[in-house]
Amino acid sequence: GAIPVVFADGWMYPFIPEVVNWTEAVVIIPDKDMPHAKQYLTNISTEEICQKHKKVLEIWDNYIGTRKDVLHALLESVSVRMIQQIQKETNNNDNI
């Protein structure tokens, strides 16, 4: 498998970070550093490559491998956001 390389400042990843932490699986190179991408990629340690590869496979197996996995991840993302919003509203009401 491959490790995704992202050249997009401010790109919004699929699913929320509480569900899928993409920073553990992808290589993020700022747009301004695109001309130096080859140097950047060759400086990544073998250990980091192995960790990211393992995380990519985990994400595939658990969140995007099938349509059912994608649906489950989307529902989990919505559920987490709803709980966070309810907690935020509860805390705001407690401060009144």
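In what follows, the structure referred to is the one given above.
Right, let's walk through the structure included here. Note that the structure is predicted; figures quoted are calculated from it, not measured. Each chain carries its own residue numbering, running from 1 in the direction its sequence is written. pLDDT decides what is reported in this predicted model: residues at 70 or higher carry local features, side-chain atom pairs at 80 or more are listed and counted, and totals for whole chains, interfaces and linings draw on all residues regardless. To obtain the side-chain values, all non-hydrogen atoms of the structure were used and water was disregarded.

### Describing the overall build of the protein chain
Assigned secondary structure in the protein chain consists of three helices and two strands. Order of helices (α) and strands (β) in the protein chain, N terminus to C terminus: β-β-α-α-α. Since a compact globule built from 96 residues should have a radius of gyration of about 12 Å, the 17 Å found for the protein chain marks it as more spread out than a globular shape. Between buried and exposed lies partly exposed: a residue is buried under 20% and exposed over 50% of the maximum accessible area for its type, with that area taken using a 1.4 Å probe on protein chains only. Among the 96 residues that make up the protein chain, the fraction classed as buried is 21%. Approximately 7200 Å² of the protein chain is accessible, and the part contributed by carbon and sulfur atoms is 58%. Strands are runs of DSSP state E lasting at least two residues, helices are runs of H or I lasting at least four, and both sets are numbered from the N terminus onward. Radius of gyration means the value over C-alpha atoms here, while the globule rule gives 2.2 Å times the residue count to the 0.38 power. Surface accessibility in these figures is a Shrake-Rupley result with a 1.4 Å probe; residues are shielded only by whichever protein chains are displayed.

### Looking at unusual backbone geometry
The backbone of Phe 15 sits at a positive phi, close to 70°, despite the residue not being glycine. Relative to the helices and strands, Phe 15 is located in the loop between strand S1 (5-6) and strand S2 (27-28).

### Observations concerning the pattern of salt bridges
When a carboxyl oxygen of Asp or Glu is within 4 Å of a side-chain nitrogen of Lys or Arg, the pair counts as a salt bridge. Throughout the structure, instances matching the rule amount to five salt bridges. Residue Glu 24 is joined to Lys 55 by a salt bridge in which the shortest nitrogen-to-oxygen separation is 3.3 Å. Of this pair, Glu 24 sits in the loop between S1 and S2 while Lys 55 sits in helix H2 (residues 46-64), placing them 31 residues apart in sequence. Under the relative-accessibility criterion, Lys 55 is labelled buried at 17%. The structure contains a network of salt bridges with shared partners spanning Glu 24, Lys 55 and Glu 58.

### Observations regarding the environment of Thr 66
With respect to the helices and strands, the residue Thr 66 is situated in the loop between H2 and helix H3 (67-94). Accessibility expressed as a relative area gives 42% for Thr 66, which makes it partly exposed. We define a polar contact as two N or O atoms separated by no more than 3.5 Å, with the added condition that, inside protein, one atom must be a possible hydrogen donor and the other a possible acceptor, whereas residues neighbouring each other in sequence contribute only through side-chain atom pairs. There is a polar contact of 3.0 Å between the side chain of Thr 66 and the backbone nitrogen of Asp 69.

### Let's talk about the nonpolar core
By nonpolar core we mean a set of buried residues, namely Ala, Val, Leu, Ile, Met, Phe, Trp, Tyr and Cys, connected to one another through side-chain atoms within 4.5 Å. If you look at the biggest cluster of nonpolar residues, it comprises 12 residues: Val 6, Phe 15, Ile 16, Val 19, Val 20, Trp 22, Ala 25, Val 26, Val 56, Ile 59, Tyr 63 and Ala 73. Among the elements that take part in this core, H2 stands out by supplying three residues, more than any other. The contact criterion used is simple: two residues touch if any of their non-hydrogen atoms lie within 4.5 Å. Apart from residues lying up to four places away in sequence, Trp 22 is in contact with Tyr 13, Pro 14, Phe 15 and Ile 59.

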